[in-house]
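Report on the structure
What follows is the residue order along each chain.
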Amino acid sequence: MIRVDEKGFYGKFGGAYIPEMLHPNIEELKENYEQIISTEEFKTEFNSLLRDFVGRPTPLYLASRLSDKYGAKIYLKREDLCHTGAHKVNNTVGQIILAKKLGKKRIIAETGAGQHGVATATVCALMGMDCTVYMGELDIQRQRPNVERMKILGAKVVPATSGSKTLKDATNEAMRQWINNPVDTHYIIGSVVGPHPYPEMVAKFQSVISEEIKTQLKEKEGRENPDLVIACVGGGSNAAGAFYHYYNVPEVRLIAAEAAGLGISSGKSAATTVLGTMGILHGSKTLLMQTEDGQVVEPHSISAGLDYPGIGPVHAHLYDIGRGEFVAVEDEDAMKAGVELSRLEGIIPAIETSHAIHALNMIEYKRDDIIVINLSGRGDKDLDTYIKWGGY
Amino acid sequence: MNRIHTLFKNKQERVLSIYFTAGFPKLENTVPIMEAIEAAGADIIEIGVPYSDPIADGPTIQDSNLIALENGMSLKKLFAQLEGFREKVNLPVVLMGYLNPIIQYGMEEFCKKCQELGIDGLILPDLPMHQYLEEFKELFEQYGLSNTFLISPQTSEKRIREIDEHSDGFIYMVSSHSITGAKSGISDEQKAYFKRVKDMNLKNPRLIGFGISDADTFHTASSFSNGAIIGSAFIKVLKESKNLETDIKEYIQSVIK
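Here the structure is a predicted model, which is why all the values come from computation and not from measurement.

Details of the overall build of chain B
Check the secondary structure of chain B and you find twelve helices and nine strands. Since a compact globule built from 257 residues should have a radius of gyration of about 18 Å, the 17 Å found for chain B is in line with a globular shape. Within chain B, buried positions represent 62% of all 257 residues. Across chain B, the fraction of contacts at a sequence separation of at least 24, relative to all contacts at a separation of at least 6, is 74%. With the model as given, the accessible surface of chain B reaches about 10100 Å², and the carbon-plus-sulfur share is 47%.

This is the structure in structure tokens:
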């Protein structure tokens, strides 16, 4: 059975390794969130916003030309059609309602690719809440359009200038700012990382993805379970959402595509399950890219959203027990897959998502297999990178 | 009885603990800085083990961590530098470090090494109390290491009592809602918090840290506790120093005067 235990562990991974200054916040969240999200009032508000504001359910689309090319029946779960352009908004809608119920006045968030930052800025605008987003200085440069969007939405974008100036450092900075403002502020973590209860809470908000896949696949194929579900993994929130209702359905293969960057042994990679060992980062025990001395190694991926040296504890557990199959996709292959999908199906995916598309080349499956790829985000934010790469 | 217990047995007021990051400003400064702190008249030495992602620390200590790592500092290197330091330094010594580098070293090996070298206590800011009780308490006791927990203005009375029960050495009172080095001066709100905790009559001595930088803040904090801890302000002294020995002496004496 894959589920989180009372102390916040998935097998050996998880927990809440936090400074005492954050203990009251984490405790407040832990004590209240399950109760709050199980009320009818919460569910009604959450579901109506998902429907009318986010645009759910997102389509489950049979990608015929992609299917022909790869020789399987491939469905795309169109999270790229969510308002703001990625699955991230499912979680921010849930957390903003929760923050309101907890009486919080201010929101902080970290962001890598800027998708979570935009999704957070969006729900803050919707609810009239003050919003500050921490973003690595390097990511601010390579995801410029999302920075502009956050600003138009009224959020303050603060550069994280330490370390590799990417997602890890933005997360450090958000945690520090939470320590500095513990009473009136809620921290909307964007992935299934961080101290318990965040990984499970974020996964629950994202689990709408697999909930819908089940219903939609039943309608289209007469069965709830595909043979494979494929998703990309940085911290792993879209994968957690796409896998959630299949964790304990062993006949569904769960494929996680990590970012290999310039190659596993290049020293410029973010393939955590290959290169990582057990460690503690951002409040949870998980697989982590680190030196022998326990210093966190700076990762590399062409996609800002996968440029993270850790992985959500649930994914570390899926890897550890062999429930998930992990593949590591290099920058170059992901870019090719992104362009391939654009030209076969008329969908330009986020570069994060392109890693999941390329996974089709790295795994074995049968001709009549039904494969669902979670199309976690659209590529608008990545046009510069695509153009630079392909010389279009 | 370790040196921390002996210290507080003999001195209950205006205890000054000085924090510095191992390997900063230069790799080989560790033991000379300890000697200078002792010579200047401080009471406890707190050595920071540098870490790539210090989430409870502000910019000053973050930078010192980064520079120390660039200088080549590691836990192994630090332990090598500390071989034989007890011939030169008598003050109680506490290691402050984030959990990950210590876990990679191996917690039992780490504790054993600390005892061998003559280290008296540990401050591990991201080790939560229940995890400590479950996994590490016996080890710490076996190797004679005092464990210090942090409390903040947000910590409930119930939890402060629990922390007091499981602490052995002193309690580290974080002076405000903040990371290290974030604020200066002491507000009435902070004083009210200091007094509230003082009136709880805890069994452990209390040292106040974060935002303590000079004689004024040190003596104000000390009037509500057994003393205080200076970190970021001391790191700034080290950073700007041309002569560590004299600058450390001058700074510490300006604080305790």
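Details of the pattern of salt bridges
When their charged atoms lie close together, side chains carrying opposite charge are able to pair. Residues and elements named next belong to chain A. Applying the stated criterion across every chain, the model contains 42 salt bridges over all chains. One salt bridge connects Asp80 with Arg78, and the closest N-O pair in it is separated by 2.8 Å. There is no split in this pair, since Asp80 and Arg78 are both buried. Look at the salt bridges and you will find they share partners, linking Glu41, Glu45, Lys100 and Lys101 into a network.

Some thoughts on helix 4 (residues 88-101) of chain A
All names here are of chain A. With 14 residues, helix 4 ought to run about 20 Å at 1.5 Å a step, and its terminal C-alpha atoms sit 21 Å apart, in line with that. The element helix 4 is extensively covered by neighbouring structure, given that twelve of its 14 residues are classed as buried. All of the buried residues along helix 4 are Lys88, Val89, Asn90, Asn91, Thr92, Val93, Gly94, Gln95, Ile96, Ile97, Leu98 and Ala99.

Concerning the domain arrangement of chain A
Residues and elements named next belong to chain A. Looking at the assigned domains, one finds that chain A contains domain 1 (10-49 + 88-202) and domain 2 (57-86 + 207-389). On a C-alpha basis, the centroid separation for the pair domain 1 and domain 2 is 22 Å. Taken together, the 41 residues of domain 1 in the interface contact 42 residues of domain 2. Buried surface at the junction of domain 1 and domain 2, both sides included, amounts to about 3300 Å², of which 60% is carbon and sulfur. Looking only at domain 1, the three residues that lose the most surface to domain 2 are Phe13, Tyr17 and Lys168, adding up to 20% of its buried area. The interface formed by domain 1 and domain 2 contains two salt bridges. With a shortest N-O distance of 2.7 Å, Arg142 and Asp307 are connected by a salt bridge.

Description of the confidence of the model for chain B
Predicted coordinates in regions of low pLDDT should not be interpreted in detail. Here chain B averages 95 in pLDDT, and 98% of its residues register 70 or above. Here the predicted complex scores 0.96 on pTM and 0.92 on ipTM.

A closer look at the interface of chain B and chain A
Each partner contributes residues to the interface: chain B has 37 residues there, and chain A has 32 residues. Buried surface at the junction of chain B and chain A, summed over both partners, amounts to about 2900 Å²; 53% is from carbon and sulfur atoms. Along the contact surface separating chain B from chain A lie four salt bridges. Between B:Lys76 and A:Glu292 there is a salt bridge whose closest N-O contact spans 3.0 Å. Taken together, the links from chain B to chain A amount to 19 residue pairs in polar contact (both at pLDDT 80 or more). For the side of chain B that touches chain A, the elements supplying multiple residues, two or more each, are helix 3 (59-70), helix 5 (99-105), helix 7 (129-142), strand 6 (150-151) and helix 8 (157-166) of chain B. Here the element with the most residues in the side of chain B that touches chain A is helix 5 of chain B; it accounts for five residues.

Things to note about the sheet that holds strand 8 (residues 185-188) of chain A
Residue and element names in this part refer to chain A. Pairing is parallel in the open sheet, where four strands are placed in the order 7-6-5-8. The open sheet has two edge strands with one neighbour each: strand 7 (156-160) and strand 8. Neighbour to neighbour, the strand axes of the sheet diverge by 25 degrees on average, direction disregarded. Pairing of strand 6 (residues 130-136) with strand 7, which is carried by five bridges, proceeds in the parallel orientation. In the sheet register, Thr132 faces strand 7, and the bridge partner there is Lys156.

As for a nonpolar patch on the surface
Residues and elements named next belong to chain A. On the surface, Ile348, Leu383, Ile387 and Tyr392 cluster together into a nonpolar patch covering about 370 Å² of accessible area. The residue Ile387 is located in helix 16 (residues 383-390) in this model. Residue class for Ile387 comes out partly exposed when judged on its relative accessible area of 42%.

Some points on the packing of helix 10 (residues 215-222) of chain B against helix 12 (residues 244-256) of chain B
Residues and elements named next belong to chain B. Two elements in contact, helix 10 and helix 12, have axes whose closest approach is 7 Å; the angle formed by their N-to-C orientations is 45 degrees. Between helix 10 and helix 12, the angle falls in the class oblique. Where helix 10 crosses over helix 12, the handedness of that crossing is right-handed. For the pair formed by helix 10 and helix 12, the contact residues are Ala215, Phe218 and His219 on the first element and Ser254, Val255 and Ile256 on the second. In terms of residue class, the contact of helix 10 with helix 12 is made up of four nonpolar, two polar and no charged.

The rules we used
- Residues numbered from 1 in each chain as written.
- Chains lettered and ligands numbered in written order.
- Predicted model: local features only at pLDDT ≥ 70, side-chain atom pairs only at ≥ 80, totals over all residues.
- Heavy atoms only, no water.
- Helix = DSSP H or I, 4+ residues; strand = E, 2+ residues; numbered from the N terminus.
- Rg over C-alpha atoms; globule rule 2.2 N^0.38 Å.
- Buried < 20%, exposed > 50% of the residue type's maximum accessible area, 1.4 Å probe, protein only.
- Contact = heavy atoms within 4.5 Å.
- Areas by Shrake-Rupley, 256 points an atom, 1.4 Å probe, with all protein chains shown as cover.
- Salt bridge = Lys/Arg side-chain N within 4 Å of Asp/Glu carboxyl O.
- Expected span 1.5 Å × (residues − 1).
- Domains from an automatic or database assignment.
- Buried area = accessible area lost by both parts, 1.4 Å probe.
- pLDDT = per-residue confidence, 0-100.
- Polar contact = N/O pair within 3.5 Å; in protein donor to acceptor, adjacent residues only side chain to side chain.
- Pairing = 2+ DSSP bridges.
- Axes fitted to C-alpha atoms, helices over the stretch in contact; angles between N-to-C directions.
- Patch = residues over 30% accessible without salt bridge, like charges linked within 9 Å, V, L, I, M, F, W, Y side chains within 5 Å.
- Parallel < 35°, antiparallel > 145°, perpendicular 65-115°, else oblique.
- Left-handed = near helix turned anticlockwise from the far one by under 90°.
- Nonpolar A, V, L, I, M, F, W, Y, C, P; charged D, E, K, R; others polar.

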